[in-house]
Amino acid sequence: MPPATPARGVLRHAVAALTGLVLATGGLTAAALPAHPVDAATVAAADVPVRVNQLGYLPDGPKRATVVSSTTEPLPWQLRDSSGVVVSSGTTTVHGADQASGQSTHLVDFGAYTATGTGFTLAVDGRTSHPFDISASLYDGLRADSMSFFYQQRSGIAIDDALAGSAYARPAGHLGVAPNKGDTSVPCQAGVCDYRLDVHGGWYDAGDQGKYVVNGGISVWELVNSFEQARRSGGDAALGDSTLRVPERGNGVPDVLDEARWELEFLLRMQVPAGRPMAGMAFHKVHDAEWTALPTRPELDDKQRELHSPSTAATLNLAATAAQCARVYAPYDAAFSARCLDAARRAWAAAKANPNVLAPASDNTGGGAYEDADVSDEFYWAAAELLATTGESQYRDAVTASPHHTEPADGFWWGGTATLGRITLATVPGVDLPADDLARVRGLLTSAADGYLATMAGQGYAVPIPATGYVWGSNSAVANNAMILAVAYELTGRQKYRAGALESMDYLLGRNALDLSYVTGYGERYSENQHHRFWAHENDASLPHPPAGSFAGGPNAGLEDPVAKAKLPGCAPAACYVDDIGSYSTNEVAINWNASLAWLAAFAAERLKAPAVPDVRVTPTAVAVPEGGSAAVGVRLSAAPAQSVGVTVARSSGDEDLAATTGATLVFTPANWATAQQVSVSAAQDADAVSGSATFTVAGPGVRSATFTATEVDDDAAACAVSYRVDHSWGNGFTATVTVQNTGASAVSGWTLGWNFAGDQRISSAWNATVGQSGAAVTARDAGWNAALAPGATTSLGFQATYSGTNAIPTRYTLNGVLCS
């Protein structure tokens, strides 16, 4: 076992408490880490054999601890409150040898205790754990601090002491202010290009000051996906405006999206401009021409910066994250959303034209190579994001043709991104894939989660990686696999997956082989000397330790740096870690590692609510069905069900010629409840001239039912008339107005207008209706306020579109499935 690291003696939740106070009062003065109250040179903290999550536990979550003991008989345990009163007790379960740590272990489960408080301890066989809390707000501070990490990693902006604390304030780095050469006009490496590019901004990647598209891609995706997940669960207010310490707070945009945009703007700048060779591709990275010394403050870096060759992997990272940007930022900044979508389309086309431009492993002078010899996973991820955003058939075809679409879901990292695509397909409402396809993708994710639970069950510390998984950045693998467990919980509502995700957090916060929290500022004993050019107190006392919420890379059995080789010979895999600034292979920070921690902290911080009783929502509530034909209605729920629920659609009264022919049985899960599923209602051909009607009931266990009506329309009845007018046209774009009139005798309550373009027209935005497009087929649904059309009434919608060649006017329209005149 490696030498015990010195404890700073800081109370485990002092930083979290101060952070919560700052945010609650609306103030912008961030707290620095509390002062060291003990002389670490003379007092060394021995590790404690009763290993707990040193931050604490959630009242409604799992509560387990690990005890290091070679005893083969169960041991008595006691849970004590802050006054020393025993509030729960029991005996340990003997686990025995733990392969990853090389330790003999027992397990303690005190999950039956659900009261809250501070300063609890767990006593086993005369040894007492570090104190910890039990609180529903346990992770609020970590959610904010793990996100604040990204603000403090920003390039091209001064870090404000009012936001970060005086110890962490610094001038802007790499803006061309001497001695910086700057990122505002960066040349390429020799032979790569003959021009300069402005690539300022973004996040410094890790302990160095390089900026890498392939690592920036997964990092920004995780932050934005964290917001998407929170929005689906109803917890997005906790990531909303003025919840984080960012300079953009108060602008009406969720702070997590403000932070992610700082990186997205950089990624967009890395795209090869139009008119240049390989236009639309993305440069792989930008960093110094040689390695900078440790320590070096960003604004004092005097090395020349260089752009490195474009790569297919970087280009697909841009395509994926820009497509995600387009759908998530649309409600907040339509122009930025459109800019992202344009960049995503151009990147996808460029990657298709240049599918094998690979970054070489040899390009590692001054920065990491980030080489990747297989970009099929990036193609799948980018196609999935573009499909989720646009619904277009070209991206759906790319998704379904990829071998990753049917392969088991694997763990993800910057060089393996297929599962990011799977998560998007499985969770984003309205993804245009067949129901069986979506069910299979969701099954792949839950199967992966089951595998992680099985791995955890066989260990003394319940970690979702095997004993062979302690490699460079192992802590990130733990957090990423915990994310898959959390996604499985969203998809199924099964508590075992939430428990697995939370127990993974226990490992990261002290329940591990080293009795050490890997998150600065959280726990009684935590990492504080991570490898970093500026947060380098161990090398220079005038510089700070890493800020609270910084996440160490974690145990790495490869011992791939001189410090680790010298200090950790013979270590067990889970103990191959040293809190030394020189151990970059075990103790560096990185944006992708902190992104997974931030995602997981936001998930853990969510307050679970009592399951709602969802209402069934049907659109439209009245539909006209052509005789001998069919019409569609959409069915969804108003809220997530506690578990998967079956809903049936059946005629409850009226004309028997009307029947639900497809979609009569629907299944809604905790993940897809908001996605409308289509029900087809058909009208049999008959000899009478009567337009019959029927009422249909949509019902199921655990939901409030709804009804809709269907009215048969005789063959020769033309119930609507449509006019189509091109208002303005330029180059390859135009705007148009479509007007529909109800020419029937009955009012229309809710309408869907459909037509097919004859050319390659593609709608980019619309107003007065919700417009979707799949290939040439367009559907325009009412905007709610204009849903009712009385007999003789008209309504209009408008749109903007692009085209090439001719711009032919459509000739055939349907209203709620009925052919118009």
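Notes on the structure in this doc start here.

What counts and how
Residues numbered from 1 in each chain as written. Predicted model: local features only at pLDDT ≥ 70, side-chain atom pairs only at ≥ 80, totals over all residues. Heavy atoms only, no water. Pairing = 2+ DSSP bridges. Helix = DSSP H or I, 4+ residues; strand = E, 2+ residues; numbered from the N terminus. Axes fitted to C-alpha atoms, helices over the stretch in contact; angles between N-to-C directions. Disulfide = S-S within 2.5 Å. Buried < 20%, exposed > 50% of the residue type's maximum accessible area, 1.4 Å probe, protein only. Salt bridge = Lys/Arg side-chain N within 4 Å of Asp/Glu carboxyl O.

Of the pairings in the sheet, the one linking strand β4 (residues 76-80) to strand β5 (residues 86-91) comprises five bridges and is antiparallel in character. Each bridged residue has a counterpart across the sheet, and for L79 the counterpart in β5 is S88. Linking two consecutive strands that pair antiparallel, namely β4 and β5, is a turn of five residues; a positive phi of about 90° is found at G84 within it.

Moving on to the sheet that holds strand β26 (residues 706-713). Across the sheet, five strands lie side by side as β19-β26-β25-β21-β23; this open sheet has mixed pairing. The open sheet terminates on both sides in strands that have one partner only, identified here as β19 (622-626) and β23 (665-668). Strand-to-strand twist across the sheet, computed as the mean angle between neighbouring axes with direction ignored, equals 30°. Here β19 runs beside β26; their pairing, made up of five bridges, is parallel. Opposite A622, over in β26, you have T709 as the bridge partner.

Quick look at the state of the cysteines now. Under the definition given, this model contains four disulfides. At a sulfur-sulfur separation of 2.1 Å, the disulfide partner of C325 is C340. Disulfide C325 to C340: torsion about the S-S bond roughly 65°, handedness right-handed. Placement of C325 in helix α6 (residues 312-328) and of C340 in helix α7 (residues 334-353) is noted, with a sequence separation of 15 residues between them. Of the two residues, C325 and C340, neither departs from the other in class, the shared state being buried. With a sulfur-sulfur separation of 1.9 Å, C571 is cross-linked through a disulfide to C576. Looking along the S-S bond of the C571-C576 disulfide, the torsion reads about 100°, which is the right-handed sense.

Let's shift gears to the pattern of salt bridges. All told, the structure shown has 32 salt bridges when counted by the stated rule. Salt-bridge contacts for D363 lead to K285; the nearest nitrogen and oxygen are separated by 3.8 Å. Of the two residues, D363 is situated in the loop between α7 and α8 (376-390) and K285 in strand β15 (residues 285-288); the sequence distance between them amounts to 78 residues. By relative accessible area, which is 16% here, D363 ends up buried. Across the pair D302 and K303 runs a salt bridge whose closest N-O atoms are separated by 3.4 Å. Overall, the relative accessible area of 38% leaves D302 in the partly exposed class. Put simply, D183, K211, D288 and R305 are held in one network by salt bridges that share partners.

Turning our attention to the sheet that holds strand β27 (residues 720-730). If you trace the four strands from one edge of the open sheet to the other, you get β27-β28-β35-β31, paired in antiparallel fashion. Either end of the sheet is taken by a strand with one partner, and the two such strands are β27 and β31 (762-767). Adjacent strand axes in the sheet meet at a mean angle of 25°, parallel and antiparallel pairs treated alike. Sheet topology places β31 next to strand β35 (residues 794-802); five bridges connect them, and they run antiparallel. Bridge pairing in β35 links A766 to F799.

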